[in-house]
Amino acid sequence: MRNENSKYMNENSSASGDGELSGSEGLWIFVFIDMLVYGLIFMVFLLERSRSIDLFYESQSYLNKSLGLINTLILLTSSWCVVKAVSAARLNDWVRSGRFLWCAVFLGGGFAVLKIFEYYQKLNSDIDILTNSFFLFYFFMTFVHFLHVIAGILAISILAKGIKVGSSVNRIRSVENAGLFWHYVDVLWVFVFAILYLLG
Amino acid sequence: MLIEKNTYILFFLVMLTLLSFFLIEDAAGEGWTRWASYIVVIVTTFKARLIILNFMEVKHAPKKWRLMYETWYISIGMMLLIAEVMTATVNV
């Protein structure tokens, strides 16, 4: 899927001489730092779980696994839409790229709506962040991820709206940046879904 | 119409997600829940690998970036696996 259009990236690539970065190096650094922070959160969760195994497993049974599954499928599909948008942008097909970006925004919106519904269900069942340590982690991890989703939706919406404005090189880089961040949000959810909803 | 590699990857990711979900659902209350958890950890780590290498295009990135990103998901996967094994040991 990479083509001649991505050659401009050589200037911004790392000086190691092998391979090219898709998007800006600054965003790669930001994403990696965020990854490390989430890695620490996962580690603290697992340590806490090892101290209250029964409580964590019992609390997990109150989660709606089906909603988690649907949200995972939604995010995976939206990630694919962004892959297609990047691919189209590199071919200078801005109409197609814009359409795929809007598809990703629509799916991301679907994820957000389902997540809000899930929070509503929990709060309606008198389950909140203070219920126990499992739900403290549940609300914290999913809400921070939810904020990432909202940030991604906003960024992709702004990008999709102005997809035909600016130099081709900058627009391709912007779409690649949006893609990098959105895929990261997807990878995070893949782990959050497994840790909170499935493993036990 | 030629289907792109990334579309196949999406189908594969969906299949792996459904496999993890139904495996855990099926194993609930059965004697092999622990083994199902191990499989889910491995499948989840593999899904992360597919997304990071192909969708994020880390496989085209300079070596240092590839090393950093690959180290991350492998570390998380190992951490999960160790946690599951230790939990099983405690339960026994």
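In this text the structure is predicted, and so the values were computed from the model without any measurement.

**Things to note about the overall build of chain B**
Then, number 1: The secondary structure content of chain B amounts to 3 helices and 0 strands.
Then, number 2: Shown N-terminal to C-terminal, the secondary structure of chain B runs as helices and strands in the order α-α-α.
Then, number 3: Taking 12 Å as the expected radius of gyration for a compact globule of 92 residues, we find that chain B reaches 16 Å, considerably beyond that expectation.
Then, number 4: Considering only contacts in chain B between residues 6 or more positions apart, those separated by 24 or more positions represent 59%.

**Section: the overall build of chain A**
Then, number 1: Helix and strand counts for chain A stand at 6 helices and 0 strands.
Then, number 2: In chain A, the succession of helices and strands from N to C terminus is α-α-α-α-α-α.
Then, number 3: Here the C-alpha coordinates of chain A stretch approximately 55 × 35 × 20 Å along the principal axes.
Then, number 4: Relative to its full complement of 200 residues, chain A shows a buried share of 42%.

**What to know about the confidence of the model for chain A**
Then, number 1: Looking at chain A as a whole, the pLDDT averages 90, with 92% of positions reaching at least 70.
Then, number 2: Below a pLDDT of 50 lies the segment residues 1–17 of chain A, which in the model reaches 30 contacts outside its immediate sequence neighbourhood of four places, other chains included.

**Observations concerning the interface of chain A and chain B**
Then, number 1: The interface is formed by 38 residues belonging to chain A together with 38 residues belonging to chain B.
Then, number 2: Listed by contribution, the elements that provide at least two residues to the side of chain A that touches chain B are helix 1 (25–51), helix 3 (65–90) and helix 6 (168–198) of chain A.
Then, number 3: Its residues placed into classes, the side of chain A that touches chain B shows 22 nonpolar, 11 polar and 5 charged.

**A few points about the packing of helix 5 (residues 133–161) of chain A against helix 6 of chain A**
Residues and elements named next belong to chain A.
Then, number 1: Closest axis-to-axis distance for the helix 5/helix 6 pair is 10 Å, and the angle between their directions is 160°. With respect to their mutual orientation, helix 5 and helix 6 come out roughly antiparallel. The chirality of how helix 5 crosses helix 6 is left-handed. From helix 5, Y138, M141, T142, H145, H148, V149, G152, A155, I156 and L159 reach across to helix 6, where they touch S174, V175, A178, F181, W182, V185, L188, W189, V192 and L196.
Then, number 2: For the contact of helix 5 with helix 6, the residue count by class is 15 nonpolar, 5 polar and no charged.

**A short note on the environment of A:A112**
All names here are of chain A.
Then, number 1: Within the secondary structure layout, A112 lies in helix 4 (residues 94–124).
Then, number 2: The sequence separation of A112 and D34 amounts to 78 residues, and the corresponding C-alpha distance is 20 Å.
Then, number 3: Residue contacts for A112: discarding those within four places in its chain leaves F146, V149, I150 and I153.

**Let's talk about unusual backbone geometry**
Then, number 1: Even without being glycine, A:N92 reaches a positive phi, approximately 60°.
Then, number 2: Along the chain, A:N92 turns up in the loop between helix 3 and helix 4.

**Description of the environment of A:I127**
Residue and element names in this part refer to chain A.
Then, number 1: On the secondary structure map, I127 appears in the loop between helix 4 and helix 5.
Then, number 2: Residue classification places I127 among the partly exposed positions, given that 19 C-beta atoms sit within 10 Å.
Then, number 3: For the pair formed by I127 and S59, sequence separation is 68 residues and the distance between their alpha carbons is 9.9 Å.
Then, number 4: Setting aside chain neighbours within four positions, we find I127 in contact with Y62, K122 and F135.

**Observations regarding the nonpolar core**
Then, number 1: Membership of the largest hydrophobic core comes to 78 residues, with the highest contact counts inside it found for A:V82, A:A85, A:L101, A:A104, A:I156, A:F191 and A:I195.
Then, number 2: Of all the secondary structure elements, the ones that give two or more residues to this core are helix 1, helix 3, helix 4, helix 5 and helix 6 of chain A together with helix 1 (5–27), helix 2 (33–55) and helix 3 (63–91) of chain B.
Then, number 3: Top contributing element to this core by residue count: helix 6 of chain A, with 20 residues.
Then, number 4: Setting aside residues no more than four positions away along its own chain, A:I156 makes contact with A:L101, A:A104, A:V105, A:A178 and A:W182.

**Let's talk about the environment of A:L114**
Residue and element names in this part refer to chain A.
Then, number 1: Within the fold, L114 resides in helix 4.
Then, number 2: Linking L114 and V192, residues 78 residues apart in sequence, is a C-alpha distance of 16 Å.
Then, number 3: L114 has contacts with L67, I70 and N71, leaving out every residue within four places of it along the chain.

**Observations regarding helix 4 of chain A**
All names here are of chain A.
Then, number 1: The terminal C-alpha atoms of helix 4 lie 44 Å apart, and with 31 residues this matches the ideal 45 Å at 1.5 Å per residue to within 8%.
Then, number 2: Turning to helix 4, its buried residues number three or more, namely S97, G98, F100, L101, A104, V105, L107, G108 and F111.
Then, number 3: For helix 4, the elements touching its buried residues are helix 3, helix 5 and helix 6.
Then, number 4: Following helix 4 by one or two positions, D126 has its phi on the positive side, about 60°.

Conventions and cut-offs
- Residues numbered from 1 in each chain as written.
- Chains lettered and ligands numbered in written order.
- Predicted model: local features only at pLDDT ≥ 70, side-chain atom pairs only at ≥ 80, totals over all residues.
- Helix = DSSP H or I, 4+ residues; strand = E, 2+ residues; numbered from the N terminus.
- Rg over C-alpha atoms; globule rule 2.2 N^0.38 Å.
- Contact = placed C-beta atoms within 7 Å.
- Buried ≥ 20, exposed ≤ 12 C-beta atoms within 10 Å, placed from the backbone.
- pLDDT = per-residue confidence, 0-100.
- Nonpolar A, V, L, I, M, F, W, Y, C, P; charged D, E, K, R; others polar.
- Axes fitted to C-alpha atoms, helices over the stretch in contact; angles between N-to-C directions.
- Parallel < 35°, antiparallel > 145°, perpendicular 65-115°, else oblique.
- Left-handed = near helix turned anticlockwise from the far one by under 90°.
- Core = buried A, V, L, I, M, F, W, Y, C linked by C-beta atoms within 7 Å.
- Expected span 1.5 Å × (residues − 1).

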